[in-house]
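Structural features, examined
Each chain, letter by letter, is given below.
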Amino acid sequence: MFETYKEDIKSFMDHDPAARSPIEIILLYPGFKALRSHKKAHWLLKHNMPFLARYVSQRSSRKTGIEIHPGATIGRRVCIDHGSGIVIGETCEIGDDVMIYQGVTLGGTGKDVGKRHPTIESGVMIGSGAKVLGPITVGRNAKVAAGAVVVKDVEPNSTVVGVPGRVVRIDGERIDDLDQIHLPDPVMNAIQSNQNKILELEKEIENLKEQIEK
């Protein structure tokens, strides 16, 4: 248990350039506190103490602004940056080394029963304000851009942007975990592709005109 505690601290130190010391993370970081409280709540739920589990989770939610249902399964070295406004649903499953920014919702659609919330595989980054909804899977090492709304499965090593979320591959290479800005824009890419095609057609028309005049 002490090893996982040290791992969690190191994860925050590695992902947050503003973190100056382990003691700062332990005492002042709401994301770290929320994850530690969730471990207690999850343990209580697994040992048939649902009321106490909910009490711990709601108390943590009031203090940190991060709501994690006791039933959610969260892996190792998960990092929540800032964290205000994050909601993680009951049947959500989160793998190892996942990075979650403020305002993220890992929720349900209101139409599903049983497994109602997403599965987030290891190495995923979820940007600020993103919404991942329903019993879908976000594949290993994928990235969900800030503000994206994801309602379909995301393949591993890919990036999702926009509303609704569109998957864009990045030549099999991951972008640095802390960069939520320099992500591909599929709409702009489509516009640029159309502009290039128009230029090609204009050149062909000019060539035809020259041939006719000759």
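It should be noted that the structure appears before, not after, this text.
The rules we used
- Residues numbered from 1 in each chain as written.
- Predicted model: local features only at pLDDT ≥ 70, side-chain atom pairs only at ≥ 80, totals over all residues.
- Heavy atoms only, no water.
- Axes fitted to C-alpha atoms, helices over the stretch in contact; angles between N-to-C directions.
- Helix = DSSP H or I, 4+ residues; strand = E, 2+ residues; numbered from the N terminus.
- Parallel < 35°, antiparallel > 145°, perpendicular 65-115°, else oblique.
- Contact = heavy atoms within 4.5 Å.
- Nonpolar A, V, L, I, M, F, W, Y, C, P; charged D, E, K, R; others polar.
- Buried < 20%, exposed > 50% of the residue type's maximum accessible area, 1.4 Å probe, protein only.
- Patch = residues over 30% accessible without salt bridge, like charges linked within 9 Å, V, L, I, M, F, W, Y side chains within 5 Å.
- Areas by Shrake-Rupley, 256 points an atom, 1.4 Å probe, with all protein chains shown as cover.
- Salt bridge = Lys/Arg side-chain N within 4 Å of Asp/Glu carboxyl O.
- Lys, Arg positive; Asp, Glu negative; His and termini not counted.
- Charge placed at Lys NZ, Arg CZ, Asp CG, Glu CD.
- Expected span 1.5 Å × (residues − 1).
- Pairing = 2+ DSSP bridges.
- Phe/Tyr/Trp six-rings, centres within 6.5 Å; stacked < 30°, edge-to-face > 60°.

Attention now goes to the packing of helix α3 (residues 30-46) against helix α4 (residues 50-64). Between α3 and α4, whose axes approach to 8 Å, the crossing angle comes to 170 degrees. When the interaxial angle is binned, α3 and α4 end up roughly antiparallel. For the pair formed by α3 and α4, the contact residues are Pro30, Lys33, Ala34, Ser37, Lys40, Ala41, Leu44 and Leu45 on the first element and Pro50, Leu52, Ala53, Val56, Ser57, Ser60 and Thr64 on the second. Of the residues in the contact of α3 with α4, the class split is nine nonpolar, four polar and two charged.

As a further point, take the environment of Leu52. In this fold, Leu52 is placed in helix α4. In this structure Leu52 comes out as partly exposed when scored by relative accessible area, which is 42%. Sequence separation between Leu52 and Ala41 is 11 residues, and the spatial gap between their C-alpha atoms is 7.4 Å.

On the surface, Glu202, Glu206, Glu210 and Glu213 cluster together to form a negatively charged patch. Counting through the fold element by element, Glu206 comes out in helix α5 (residues 186-213). Residue Glu206 is classed as partly exposed on the basis of its relative accessible area, which comes to 44%.

One non-glycine residue, His82, adopts positive backbone phi at about 65 degrees. Checked against the element boundaries, His82 lands in the loop between β3 (79-80) and β4 (87-88). Judged by relative accessible area, which is 55%, His82 ranks as exposed. The phi angle at Asp97 is positive, at roughly 60 degrees, despite the residue not being glycine.

Quick look at the pattern of salt bridges now. One pass over the structure, following the stated rule, counts seven salt bridges. Measuring nitrogen to oxygen at the nearest pair gives 2.9 Å for the salt bridge that ties Lys10 to Asp14. Here Asp14 and Lys10 lie together in helix α1 (residues 2-15), a separation of four residues that amounts to about one turn. Judged by relative accessible area, Lys10 falls into the exposed class, the value being 53%.

A few words on α3. Helix length check: α3 (17 residues) gives 24 Å between terminal C-alpha atoms against 24 Å at 1.5 Å per residue, within 8%. Taken together, the buried positions of α3 are occupied by Gly31, Phe32, Ala34, Leu35, Arg36, Ser37, His38, Ala41, His42 and Leu44. Phi for Asn48, located one or two positions after α3, is positive at around 60 degrees.

Another aspect to go through is the sheet that holds β4. An order of β1-β4-β7-β10-β13 is seen for the five strands of this open sheet, with the pairing classed as parallel. Looking at strand neighbours, the two that pair on one side only are β1 (67-68) and β13 (149-150), the edges of this open sheet. Here strand β7 (residues 105-107) runs beside strand β10 (residues 131-133); their pairing, made up of three bridges, is parallel. Bridge pairing in β10 places Gly107 opposite Leu133.

This paragraph deals with the packing of aromatic side chains. All told, the structure shown has two aromatic pairs when counted by the stated rule. A ring pair is formed by Phe12 and Tyr29, whose centres lie 6.2 Å apart and whose planes are at 80 degrees; its orientation type is edge-to-face. With Phe12 in helix α1 and Tyr29 in the loop between α2 (22-28) and α3, this pair connects stretches of sequence that are 17 residues apart. Residue Phe12 is classed as buried on the basis of its relative accessible area of 1%. Classification of Tyr29 as buried rests on a relative accessible area of 14%. An aromatic cluster is present here, built from Phe12, Tyr29 and Phe32 joined pairwise through their rings.

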